[in-house]
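Chain residues, written in single-letter form:
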Amino acid sequence: MDNDIARMRNIGISAHIDSGKTTLTERILFYCKKIHRIHEVKGRDGVGATMDSMELERERGITIASATTNVRWVDHSINIIDTPGHVDFTIEVERSLRVLDSAVLVLCSVGGVQSQTITVDRQLKRYNVPRLAFINKLDRTGADPLKVARQLKEKLGHTAVLLQIPIGLEDHFDGVIDLVDMQALYFEGSEGETVRAAPIPRELRIEAESHRERLVDAASMFSDDLMEAALENRVDADMIRSAIRQGTIARKLTPVLMGSAYRNKGVQPLLDAVVRYLPNPADVENTALDLDDGEKPVRLSGDSADPSVALAFKLEDGPYGQLTYIRLYQGALKKGDELYNTRSRQKFKVGRLVRMHADEMKDIITASSGDIVALFGIDCASGDTFVSPGLNLAMTSIHIPEPVISLAVAAADGVSQDRMAKALNRFIKEDPTFRSHVDPESNQTIIQGMGELHLDVYLERMKREYKAQVKTGAPQVAYRESLGRRADFDYTHRKQTGGAGQYGRVVGYLEPAPSGGYEFVDEVKGGRIPREFIPSCDKGFRATLKKGPLLGFPVTGVRVVLTDGQYHAVDSSDIAFQAAAQGAFRNTFPKAAPFILEPIMKLSVEGPSEFVGNIFATISQRRGVIVSSVEDGTFARVDAEVPLSEMFGYATALRSLTQGKAEFTMEFLKYGRVPEQVAARLAEEIAEKRRAGVRT
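No experiment lies behind these values; they were computed from the predicted model shown. (Residues numbered from 1 in each chain as written. Predicted model: local features only at pLDDT ≥ 70, side-chain atom pairs only at ≥ 80, totals over all residues. Heavy atoms only, no water.)

Engineer: Describe the overall build of the chain, with residues and values.
Structural biologist: Counting its regular elements, the chain contains 16 helices and 38 strands. Here the chain has a C-alpha radius of gyration of 29 Å; the compact-globule value for 696 residues is 26 Å, and the two agree. Within the chain, contacts between residues separated by at least 24 positions form 71% of all contacts whose residues are at least 6 apart in sequence. Here the chain contributes 89 positively and 95 negatively charged side chains, and the mean placements of these two sets differ by 4 Å. (Helix = DSSP H or I, 4+ residues; strand = E, 2+ residues; numbered from the N terminus. Rg over C-alpha atoms; globule rule 2.2 N^0.38 Å. Contact = heavy atoms within 4.5 Å. Lys, Arg positive; Asp, Glu negative; His and termini not counted. Charge placed at Lys NZ, Arg CZ, Asp CG, Glu CD.)

Given below as structure tokens:
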């Protein structure tokens, strides 16, 4: 490993589910000589793709956890993170993008820009990540890379520019034409390992020249030299590459490459493009917040000679202790170095420093600025910042979405109880979108996550990795309570039971909060409530939000304005004002037109056009609202908004109505008001459970 930051790349591979990104990563590992044999995703050869190291991933053919590796390509060190495609595991994508400098966006040549592509692109934009696009599966029936390139412009707003065009398509896909060097590339040998350059076939010459002209036009926007050279007809390949690199790093240009990873075609030119066009860590501006100076942004130098700043972006609890993945933004690290965790304010020494390759690790002596490595045996949380002693900086946090689905779990016996507890402790630490708590009333263990698949995978892991026998209840939707109008309160809490009494009076009003969360506004004048008791009122109101007066769901979207009150010189206390606030809320909330909210999911169903009618029917039956429907030849996509409570078992229903040919993705969109008849049914169900002695 050299320490030349200019020869380092940190890339992510992101895509819609089933676009072939893990297959592509497998070829990258092979051509970079990291592995000596190519294995397929679903493990038909009994092995499975290298980066899908988890048994469940190999069985299901999906990536669940992001995996990192490091390869070398033409004297460059490339850290790669293969991220999951399914939206239930979106936190893995978020964490990866936070620490990457660039990404390869993989698209299917048939499906084009799909729902998860849009989500991933939104995440890339959130973290200002430059990217290349790779249109995969050119060997598939219906492949149309030009259509996909148009979709990149129309649906994602990219200035997509083709660097290649295909030689043949579907069964006749033979190779690509490189529009920069103006030559044809063929991939020969049993694994496509030999790239043969040849003159462009005569029948494609005019088309190639036309596309090259467009490429030069687009790239010349980023280089005056190229623009001048184009006018004087003296353009060379280096000029074009330099301009493409500038446009890509500025995130104003998306170079588009293509191939078929499964057929071993087009991967080596993609690797060339990664080192030519994507930024090295020094090209990217990274900032931290100075905790000693009001969280003022501080630009990090990226220099290995400066004090170290690193972000812990992922934790893995294994048999040998906690493995903490870090990205070094500044400074170098070696075994024995002392670091400071700015959240926990603890110092620690770097023990074991490793570089990961999927589930394997290799001990290393040093890591330099820009590197992605892992530390052993550090007690920390995901998102912590480590710095050299003397610094007090924090990297900005990672966006963590709230869970939308919950499930009651119970261990079958005492041994399983201990094992389940160990498993839950580990999963919670590793995945911030997976949560667990014990309901204080029902005493049930509740797990929460981003979707059915998300919880299903963790339950399966409990059984396989911890041998815990676990029973589950029906999935529960995370309902919320809110209010529709202003309601005034004037509540006095008075209690006299011998000894010191309790007295507190609060006056004000509740109203809908525009922010959607909880807001507390203090407008008390003239010391009607002493300043030390104002936080007590806030605390009392907050305490009532956990369990709403309507059906017992958490309350959201409430603004409490405290305008007046009264205290007693002897009997008023923190407890008295908390109790007054709680009483005021309980009495007033029912007068403020309360209602129930439910999670609304953004649903995208894709499948053959002949089944569009059936897809519509499955959505309408579930209180769904169709947002858009697009038919493209024999392929159709329907986008809709559907309540999560109606989506349990949808996969089975869709499969049976479309002969298993349609697939869907779903992610949380917003909270929406539950219709009155549904709210009444919900209230009846809860009442029935209470009558049956089941605590809710």
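Engineer: So, the pattern of salt bridges: which residues are in play, and what are the values?
Structural biologist: Tallied over the full model, the rule gives 32 salt bridges. A salt bridge links aspartate 293 to lysine 296, with the shortest nitrogen-to-oxygen separation between them at 4.0 Å. Among the ionic pairs, arginine 355 bridges to aspartate 371, the shortest N-O distance being 3.1 Å. Pair noted here: arginine 355 is in strand E19 (residues 353-357) and aspartate 371 is in the loop between strand E21 (366-367) and strand E22 (372-376), with a separation of 16 residues, a long-range link. A relative accessible area of 9% places arginine 355 in the buried class. (Salt bridge = Lys/Arg side-chain N within 4 Å of Asp/Glu carboxyl O. Buried < 20%, exposed > 50% of the residue type's maximum accessible area, 1.4 Å probe, protein only.)

Engineer: Which residues make up the sheet that holds strand E31 (residues 487-495), and what values do they have?
Structural biologist: Pairing in this open sheet of four strands is mixed, and the strands run E31-E32-E34-E33 from one edge to the other. Bordering the open sheet on either side are E31 and strand E33 (518-522), each of which pairs with just one other strand. This sheet shows a mean twist of 25° between the axes of neighbouring strands, independent of strand direction. As paired strands, E33 and strand E34 (residues 558-566) are joined by five bridges and run parallel to one another. (Pairing = 2+ DSSP bridges. Axes fitted to C-alpha atoms, helices over the stretch in contact; angles between N-to-C directions.)

Engineer: A description of unusual backbone geometry should follow, citing residues and the corresponding values.
Structural biologist: One non-glycine residue, arginine 251, lies in the positive phi region at around 60°. For arginine 251, the location among the structural elements is in the loop between helix H8 (237-249) and strand E11 (254-258). A positive phi angle, close to 60°, is found at asparagine 264, a residue other than glycine. Secondary-structure assignment places asparagine 264 in the loop between E11 and helix H9 (267-277).

Engineer: I'd like a description of the packing of aromatic side chains, backed by residues and values.
Structural biologist: In the structure shown here, the tally under the stated rule is 14 aromatic pairs. Judged by centre distance (5.7 Å) and plane angle (50°), the rings of phenylalanine 489 and phenylalanine 541 are tilted. Of this pair, phenylalanine 489 sits in strand E31 while phenylalanine 541 sits in helix H12 (residues 534-545), and the two are 52 residues apart along the sequence. Residue classification places phenylalanine 541 among the buried residues on the basis of a relative accessible area of 0%. Linked through ring pairs, Phe427, Phe434, Tyr458 and Tyr466 together constitute an aromatic cluster. Against the face of tyrosine 325 rests lysine 314, its NZ or CZ located 5.6 Å from the ring centre. The ring centre of tyrosine 509 lies 3.6 Å from the NZ or CZ of arginine 486, which sits over that ring. (Phe/Tyr/Trp six-rings, centres within 6.5 Å; stacked < 30°, edge-to-face > 60°. Lys NZ or Arg CZ within 6 Å of the ring centre and 35° of its normal.)

Engineer: Tell me about the packing of H12 against helix H13 (residues 574-588), residues and numbers included.
Structural biologist: For any two helices packed against each other, one specifies the inter-axial angle together with the distance between the axes. It is the contact of H12 with H13, at a shortest axis distance of 7 Å, that shows an interaxial angle of 45°. The angle between the axes of H12 and H13 places the two elements in the oblique class. Crossing geometry of H12 relative to H13 is assigned as right-handed. Residues Ser536, Cys537, Lys539, Gly540, Phe541, Ala543, Thr544 and Leu545 of H12 touch H13, and the partners they reach there are Asp574, Phe577, Gln578, Ala581, Gln582, Ala584 and Phe585. (Parallel < 35°, antiparallel > 145°, perpendicular 65-115°, else oblique. Left-handed = near helix turned anticlockwise from the far one by under 90°.)

Engineer: Can you lay out the nonpolar core for me, pointing to particular residues and giving the numbers?
Structural biologist: Within the largest apolar cluster, 98 residues are counted, with the highest numbers of intra-cluster contacts made by Ile78, Leu132 and Ile244. A per-element tally of this core places H9 first, with seven residues. Filtering out sequence-adjacent residues up to four positions away, leucine 132 remains in contact with Ala103, Val104, Leu105, Thr254, Pro255, Leu257, Leu270, Ala273, Val274, Tyr277 and Leu278. Within the second largest apolar cluster, 42 residues are counted, among which are Val477, Leu551, Phe553 and Met666. (Core = buried A, V, L, I, M, F, W, Y, C linked by side-chain atoms within 4.5 Å.)

Engineer: Would you mind going over the sheet that holds strand E1 (residues 8-15) in detail, with residue names and values included?
Structural biologist: As summarised here, the arrangement of the seven strands in space is E2-E3-E1-E4-E5-E11-E6, forming an open sheet in which the pairing is mixed. Two strands lie at the open edges of the sheet, namely strand E2 (67-73) and strand E6 (160-162), each paired on one side alone. Pairwise comparison of adjacent strand axes, ignoring direction, gives a mean angle of 30° for this sheet.

Engineer: Lay out the side chain of serine 604 in plain terms, naming residues and giving numbers.
Structural biologist: The residue serine 604 is located in strand E35 (residues 594-608) in this model. A polar atom in the side chain of serine 604 sits 2.8 Å from the side chain of aspartate 639. What serine 604 contacts, discounting residues up to four positions off in sequence, is Ser115, Arg637, Val638, Asp639, Glu663, Phe664 and Thr665. (Polar contact = N/O pair within 3.5 Å; in protein donor to acceptor, adjacent residues only side chain to side chain.)

Engineer: How would you summarise H12 if you had to cite specific residues and measurements?
Structural biologist: Along its twelve residues, H12 runs 17 Å from first to last C-alpha, staying within 8% of the 16 Å computed at 1.5 Å per residue. Packing partners of the buried residues in H12 comprise E31, strand E32 (502-512), E33, E34 and H13. (Expected span 1.5 Å × (residues − 1).)

Engineer: Break down the side chain of serine 369 for me, with residues and values.
Structural biologist: Here serine 369 is to be found in the loop between E21 and E22. Judged by its relative accessible area of 1%, serine 369 falls in the buried class. In this structure the side chain of serine 369 is engaged in a polar contact, spanning 2.8 Å, whose partner is the backbone oxygen of glycine 302. What serine 369 contacts, discounting residues up to four positions off in sequence, is Ile5, Met8, Gly302, Asp303, Ser304, Leu328, Tyr329, Gln330 and Gly331.

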